[in-house]
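Spelled out, the chains give:
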Amino acid sequence: FLSLRSSSSTSSGLPDPAITSALQFSVVVPTLNEADNIDPLLTRLSALDLPAGSFEVIFVDDGSSDGTPEKVRAWEGHHSRLRVRLLERREKPDLTRSILAGVALARGDVIVVMDADLSHPPERLPALVAPVLNRSHDVAVGSRYVPGGSTVGWPLHRQWLSRIGGWLARPLCDVNDATSGFFSFRRELSSAIAERARGYKILLELLMAGQGKLRVVEVPICFHDRTRGTSKLSFFHQWTYLQRLMTLAGGTVSVGTASRFAAVGLIGVAVDALLFQWLMSSGAGLALAHIMSFFAAAAMNYSLNSKWSFRRHHEGYLRWDQFGRFLTVGVFALLMRGGVLALLVYGLHVPSFLAIFPAIAATAAINYFGSAFYVFPDKRNP
Ligand code: GDD
């Protein structure tokens, strides 16, 4: 699974005389092709005003091809103040699994997680670890979004992604910077993290595993975008973050559910339009045709969604309260569709044949998320 090299000793095998103080905490640094950042990071960490040997730095590397492990090894056993260890994983690269592997090896009771790319200022480490070391808090989050915190040099789209990621998580964990990768915590808390947790969201998993009982403090940090190497954050990581948020919030969002929901929606549109045309041609008034076709399509959509799209968390029989919720979401979506259409056509003078597309998209989003969270919430254990 992995190979571990560790050193708090000199190359002669004897304890380094400069490392005298007891180990207080462990810093876990995940790495994937960060060769150019290792020396600057360890230089800044070794310059901190902390007792020599009071912390260890565990690098968890996921098969870097740029010489990152060699750079770390050069520090092992050759520094008088730092205890440096290297863990080389041989599995599929994954940030969360790497951090958990590093935590499993840590000798400190308090863990700090930080990126290797110097985006997290090493000089904030003492402030970040203090609240957990002195036991006043269980978790301390290095936060960009509290007074005193900031981001420097980050492209606008990254700032927005980070903000949106934080806002979406806010109702779940009441933290301003839930996507921060710089945080400290008591080691035993990690055992509650879900076995299936993957990707860039380990702090959120940690906070959610604490079920609202954790004492959390946010410590302001100034996040500096990396100057060496590249980010490994992909669209896939962002999508899995979103999916996990939805699951933790009690709804299920997956490609499979969304596709089934879209297929049902298309059938519903066809039923709606055909019935509407038939009623109109049979002499029913506009209002009657509109209401009848809406209810017919809604009833069909509901039964298909409950038995098929969201079948995994539905008891399989018609429930009137649930159908009522389904209609509520449907009516709300219709109102939204009308509002978007009116705004685009009358307010912004967009031609109606174009305006209908964003209107349909808004309606579909409301219908889908309303169904996932309100009509058919997933009651299984996330
Ligand atoms: N072991 C391992 N395996 N390390 C990884 C992997 C992986 O699959 N992917 C990324 N890393 C390491 C990087 O080498 C770096 O040290 C750290 O994790 C952050 O990765 P980046 O890809 O540089 O992240 P970013 O700069 O875009 O920042 C985003 O993610 C961070 C996660 O810690 C932001 O959301 C930050 O707020 C967040 O701190």
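Parameters and conventions
- Residues numbered from 1 in each chain as written.
- Predicted model: local features only at pLDDT ≥ 70, side-chain atom pairs only at ≥ 80, totals over all residues.
- Heavy atoms only, no water.
- Helix = DSSP H or I, 4+ residues; strand = E, 2+ residues; numbered from the N terminus.
- Buried < 20%, exposed > 50% of the residue type's maximum accessible area, 1.4 Å probe, protein only.
- Polar contact = N/O pair within 3.5 Å; in protein donor to acceptor, adjacent residues only side chain to side chain.
- Contact = heavy atoms within 4.5 Å.
- Near = heavy atom within 4 Å.
- Areas by Shrake-Rupley, 256 points an atom, 1.4 Å probe, with all protein chains shown as cover.
- Nonpolar A, V, L, I, M, F, W, Y, C, P; charged D, E, K, R; others polar.
- Expected span 1.5 Å × (residues − 1).
- 1 Å grid on protein atoms, 1.4 Å probe; cavity = no way out; pocket = protein on both sides within 12 Å on 5 of 7 lines; lining within 4 Å.
- Points joined across faces, edges and corners; volume = space filled by probe spheres on them.
- pLDDT = per-residue confidence, 0-100.
- Core = buried A, V, L, I, M, F, W, Y, C linked by side-chain atoms within 4.5 Å.

Colleague: With reference to specific residues and values, describe the side chain of Ser293.
Modeller: Residue placement: Ser293 occurs in helix 9 (residues 286-309). On the basis of relative accessible area, Ser293 is assigned to the buried category, the value being 1%. At 3.2 Å, the side chain of Ser293 forms a polar contact with the side chain of Asp272. Setting aside residues no more than four positions away along its own chain, Ser293 makes contact with Asp272, Leu275, Phe276 and Leu279.

Colleague: Describe the site of the ligand, listing the residues and the values that go with them.
Modeller: In the vicinity of the ligand there are 24 residues, among which Glu34, Asp62, Arg226, Ser231 and Lys232 approach most closely. Here a nitrogen atom of the ligand and a side-chain polar atom of Ser98 are 2.9 Å apart. Between Ser231 and the ligand, the recorded distance is 2.6 Å, taken from a side-chain N or O atom to an oxygen atom. If the ligand stood free it would expose 720 Å²; the protein chains cover 95% of that surface. At the level of secondary structure, the elements contributing two or more residues to the shell around the ligand comprise strand 2 (25-31) and helix 3 (95-105). When grouped by side-chain class, the residues that make up the shell around the ligand number 9 nonpolar, 6 polar and 9 charged.

Colleague: Hey, could you go over helix 10 (residues 320-347) for me, with residue numbers and the actual values?
Modeller: Compared with an ideal rise of 1.5 Å per residue, which puts 28 residues at 40 Å, helix 10 spans 39 Å between its outermost C-alpha atoms and is within 8% of the ideal. Taken together, the buried positions of helix 10 are Gln322, Phe323, Phe326, Leu327, Val329, Gly330, Ala333, Val340 and Leu344. Looking one or two residues past helix 10, His349 carries a phi angle of roughly 55°, positive in sign.

Colleague: Hey, could you go over the environment of Arg337 for me, with residue numbers and the actual values?
Modeller: Note on placement: Arg337 falls in helix 10. Here Arg337 falls in the partly exposed class, since its relative accessible area comes to 31%. Sequence separation between Arg337 and Ala361 is 24 residues, and the spatial gap between their C-alpha atoms is 8.7 Å. If near-sequence neighbours (up to four positions away) are discounted, Arg337 is found in contact with Ile356, Ala359, Ile360 and Thr363.

Colleague: Requested: an account of empty space enclosed by the protein, with residues and values cited.
Modeller: Enumeration according to the criterion identifies 1 cavity of 30 Å³ or more in this entry. Its volume calculated, the largest cavity comes out at about 40 Å³. Taken together, the residues of the lining of the largest cavity break down into 7 nonpolar, 3 polar and 1 charged.

Colleague: Give me the confidence of the model for the chain: which residues, what numbers.
Modeller: Per-residue pLDDT for the chain averages 84, and the proportion of residues at 70 or more is 88%. Model confidence for the complex is summarised by a pTM of 0.71, with the ipTM given as 0.95.

Colleague: Summarise the nonpolar core; cite the residues concerned and give the values.
Modeller: Within the largest apolar cluster, 32 residues are counted, with the highest numbers of intra-cluster contacts made by Val139, Phe185, Leu204 and Leu206. For this core, the secondary-structure elements that each account for two or more residues are strand 3 (55-61), helix 3, strand 5 (110-113), strand 6 (139-143), helix 5 (156-173), strand 8 (183-186), helix 6 (202-209) and helix 7 (235-249). Ranked by residue count, the leading element in this core is helix 6, at 6 residues. With near-sequence residues (within four places) excluded, Phe185 lies in contact with Val103, Asp109, Val110, Ile111, Val113, Val132, Asp138, Val139, Ser190 and Leu206. If you look at the next biggest cluster of nonpolar residues, it comprises 30 residues, including Leu50, Leu118, Val132 and Ile221.

Colleague: Could you give an account of unusual backbone geometry, with specific residues and numbers?
Modeller: Backbone geometry places Asn33, a non-glycine residue, at a positive phi of 55°. Structurally, Asn33 is set in the loop between strand 2 and helix 1 (35-46). In this structure Asn33 comes out as partly exposed when scored by relative accessible area, which is 28%. Located in the positive-phi region is Arg135, a residue other than glycine, with phi close to 65°. Tracing the sequence through the fold places Arg135 in the loop between helix 4 (125-133) and strand 6. Under the relative-accessibility criterion, Arg135 is labelled exposed at 64%.

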